[in-house]
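Single-letter residue listing:
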Amino acid sequence: MSEREENSLNEFFAPGIEPQDVQQLFPLLNARTFIDALIAMFRGGNDEVLVRLMVLREIGLRADTPEWSPQELNSHFSFITQSKFSTVLNRLREHELLLWDAERRLYQLSTAGRMVLSALSSLLNFSTEQDGELGFFAAQIAAGSSVGKLSSEALSHLLARLAELEGEFSQAVTSGSEFRLRAAQSKLESVQKWMDKSNEVMRNLSADGLDETTWRLAQQIGQRQSKLMRMSSVFQRELAAIARQQVHLSQGGLTSSELAAWLKQRDVDELNELAAEQLACTPEETFILPDVMLDNTEDFIAREQPNRHISTMPVPAEVEYVNDLPYEPPPQLSELTRLLNGLDASLSVSDAVVGGSFSSASYRLSLLTFLGEQNVEPELAPLAELPVTLRWHEHNELHTINRDEVAFISNGELLPKETQT
């Protein structure tokens, strides 16, 4: 680091603090060569950075003959104007991303340049994937573990992202909004494959060779992913509860949720046309404070119209009454009730819930939570009253299924209450 750069860095810290003594900054100072390479790569205008990256990536992609002559470069990048191309090359040479061998008159990538490109390549591979950030973190953890360089920072990033997803899903459940629940359910399905990949990576980790902090982060990641995988049954249960409360708008079976979903698909012009002459517009007097206006109105009524204390409701409008459609519980409920009725031996959770499809299994799994409950809906009462107890195995073990759209399920069993130990 030059004296000028060192003085500039000192300006960021309080008097008497040496930057080299700051624990959080020390790893960055040790990697200053590679950080300088990144700074040189991305400093400047957006267009200039894109062209610089394109040139450096093309130079690095030729693996059989990694050295380039000036003639080969000019020919390969003939679609770039000569003056601009010379500027790009000079920039890369100046910051030692591209090395020039004066004796042989050949260009080649520097070690720092190639490492930066490799990291960028991994980032680009996952940038086109939906919710690919989990895959990117898992790839970093897998690569670091395979070469004995597992980074606790990579584990922290993965754990933080899982915590963000759990918070997002919990807010959707708390909101009680069907649309937020369905959006969260779709989000969970899109990240499911990345969590499966991450689970494979985490299972291959061993406590041997890991420090206490890294191993603790790995355990927290496993616990967090287990919670997220169980959110599917939570979504199913909440959506089933909302379905029971839907308002039917006509004898044809149209529900308020279906109407709201249809309105969400209309653009502004269509909504404006639908609402034409149907809604009354009241201008808002933004220059008057609402609380002051309300106080003045109440004072005026009390002073000028002391007898105006009784108001009458308007005449009720003509409403066409329709009979509510009878609610029919899903067939999975009656099937599960019949299966568990008269249970005289232990039955694994997988045998009880897996079958048909992933959605059916998720719904059956959510129904198991009602066993032994007192205050439930009438249709759930026969299941809740069964003398059956649900017991999960310790350590959040997963049982391999690989059938009926279910890959893994938490290991547990259903026991008759009289045989429970």
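For the structure, check the block above.
Heads up: these notes are all about the structure in this document. In this text, all values refer to a predicted model and were calculated from it rather than measured experimentally. (Residues numbered from 1 in each chain as written. Predicted model: local features only at pLDDT ≥ 70, side-chain atom pairs only at ≥ 80, totals over all residues. Heavy atoms only, no water.)

Looking at the side chain of Arg91
Applied cut-off: A helix here means a DSSP run of H or I that spans at least four residues, while a strand means a run of E at least two residues long, and both kinds are numbered starting from the N terminus. By definition, residues are in contact when any of their heavy atoms lie within 4.5 Å.
Secondary-structure assignment places Arg91 in helix 6 (residues 82-94). In this structure, Arg91 is in contact with Ile39, Ala40, Arg43 and Arg52, ignoring residues within four places of it in sequence.

Here we look at the pattern of salt bridges
For the record, the criterion: By salt bridge we mean one thing: a side-chain nitrogen of Lys or Arg within 4 Å of a carboxyl oxygen of Asp or Glu.
What the rule picks out here adds up to 12 salt bridges. Across the salt bridge formed by Arg266 and Glu270, the nearest N and O atoms sit 3.4 Å from each other. Linked through salt bridges whose partners overlap, the residues forming this network are Glu67, Asp101 and Arg104.

Description of helix 4 (residues 46-61)
Selection criterion: A helix is expected to reach a length of 1.5 Å times the quantity of its residues less one. Throughout, exposure labels follow a simple rule: accessible area from a 1.4 Å probe, protein chains only, divided by the maximum for the residue type, with under 20% read as buried, over 50% as exposed, and the rest as partly exposed. Arc definition: it is the arc formed by the directions from the helix axis to the C-beta atoms.
Compared with the 22 Å implied by 1.5 Å per residue over 16 residues, the 22 Å span of helix 4 between its first and last C-alpha is a close match. Buried within helix 4 are the following residues: Val49, Arg52, Leu53, Val55, Leu56, Ile59 and Gly60. Seen along its axis, helix 4 keeps its buried residues to an arc of 165°; they face one direction. With respect to the buried face of helix 4, the exposed residues turned more than 90 degrees away are Asn46, Asp47, Leu50 and Leu61. Packing partners of the buried residues in helix 4 comprise helix 3 (32-42), helix 5 (70-76), helix 6, strand 1 (98-101), strand 2 (106-109) and helix 7 (111-127).

Overview of the sheet that holds strand 3 (residues 347-348)
Cut-off, in case you're wondering: Strand pairing is assigned whenever DSSP identifies at least 2 bridges connecting the two strands.
With antiparallel pairing, three strands are arranged side by side in an open sheet as 3-7-4. Of all strands in the sheet, those with a lone pairing partner are strand 3 and strand 4 (388-392), marking the two edges. As paired strands, strand 3 and strand 7 (residues 412-416) are joined by two bridges and run antiparallel to one another. The residue of strand 7 that forms the bridge with Leu347 is Leu414.

A word on the pairing of strand 2
Here strand 1 runs beside strand 2; their pairing, made up of four bridges, is antiparallel. Residue pairing in the sheet places Leu99 in a bridge with Gln108 of strand 2. Between strand 1 and strand 2, which pair antiparallel one after the other, the connecting turn spans four residues, and Arg105 there sits at a positive phi close to 55°.

Quick word on the packing of helix 11 (residues 212-244) against helix 17 (residues 358-367)
Between two packed helices, what matters for the description is the angle formed by their axes and the separation of those axes. What counts here: Geometry is summarised by axes, namely lines fitted to C-alpha atoms with helices restricted to the contacting stretch, and by angles between N-to-C directions that run from 0 to 180 degrees. Throughout, the term roughly parallel applies to angles under 35 degrees, roughly antiparallel to angles over 145, roughly perpendicular to angles from 65 to 115, and oblique to all others. The classification used treats Ala, Val, Leu, Ile, Met, Phe, Trp, Tyr, Cys and Pro as nonpolar, Asp, Glu, Lys and Arg as charged, and all other residues, Gly among them, as polar.
Between helix 11 and helix 17, the shortest axis-to-axis distance is 8 Å and the interhelical angle comes to 80°. Relative to helix 17, helix 11 is oriented roughly perpendicular. Of the residues in helix 17, those touching helix 11 at Ser232, Ser233, Gln236, Arg237 and Ala240 are Phe358, Ser359, Ser362, Tyr363, Leu365 and Ser366. Here the contact of helix 11 with helix 17 is built from residues that sort into four nonpolar, six polar and one charged.

Side note on the packing of helix 9 (residues 152-175) against helix 11
Selection criterion: Note on convention: the crossing is left-handed when the near helix lies turned anticlockwise from the far helix by less than a right angle, right-handed when the turn is clockwise.
Axis separation between helix 9 and helix 11 bottoms out at 9 Å; the angle between their running directions is 20°. Of the possible angle classes, the one that applies to helix 9 and helix 11 is roughly parallel. Two packed elements cross with a definite hand, and for helix 9 against helix 11 that hand is left-handed. Here the contact of helix 9 with helix 11 is built from residues that sort into 15 nonpolar, six polar and four charged.

Re the packing of aromatic side chains
The geometry of an aromatic ring pair is captured by the separation of the ring centres together with the interplanar angle, meaning the angle of the planes. What counts here: Planes of paired rings set the category: under 30 degrees apart is stacked, over 60 is edge-to-face and the rest tilted, where pairs are Phe, Tyr or Trp rings (Trp by its six-membered ring) whose centres lie within 6.5 Å. Whether a charge lies above a ring is judged from NZ of Lys or CZ of Arg, which has to be within 6 Å of the ring centre and within 35 degrees of the ring normal.
Within the structure shown, the criterion is met by five aromatic pairs. Consider the rings of Trp100 and Tyr107, whose centres lie 4.7 Å apart with planes at 50°: the pair is tilted. A residue is classified by how much of its surface remains accessible, and Trp100, at 25% relative accessible area, is partly exposed. Residue classification places Tyr107 among the buried residues on the basis of a relative accessible area of 7%. Three or more aromatic residues joined by ring pairs form one cluster here, namely Phe77, Phe79 and Phe85. Between the NZ or CZ atom of Lys264 and the centre of the ring of Phe179, over which it lies, the distance is 5.3 Å.

Let's talk about a nonpolar patch on the surface
Which entries qualify depends on this criterion: Patch construction takes residues with relative accessible area above 30% that form no salt bridge. Like charges are linked within 9 Å, and nonpolar side chains (Val, Leu, Ile, Met, Phe, Trp, Tyr) are linked within 5 Å. Every accessible area reported is derived by Shrake-Rupley at a probe size of 1.4 Å, with residue values counting cover from the shown protein chains alone.
A cluster of nonpolar side chains, namely Leu259, Trp262, Leu263, Leu271 and Leu274, defines an oily patch on the protein surface of about 420 Å² accessible area. At the level of elements, helix 12 (256-264) and helix 13 (268-274) are the ones that each hand at least two residues to the nonpolar patch. Looking at the nonpolar patch, the element that brings in the most residues is helix 12, giving three residues. One can find Leu271 in helix 13.

A word on the environment of Thr213
Structurally, the position occupied by Thr213 is in helix 11. For the pair Thr213 and Ser152, spaced 61 residues apart in the sequence, the C-alpha separation amounts to 7.5 Å.

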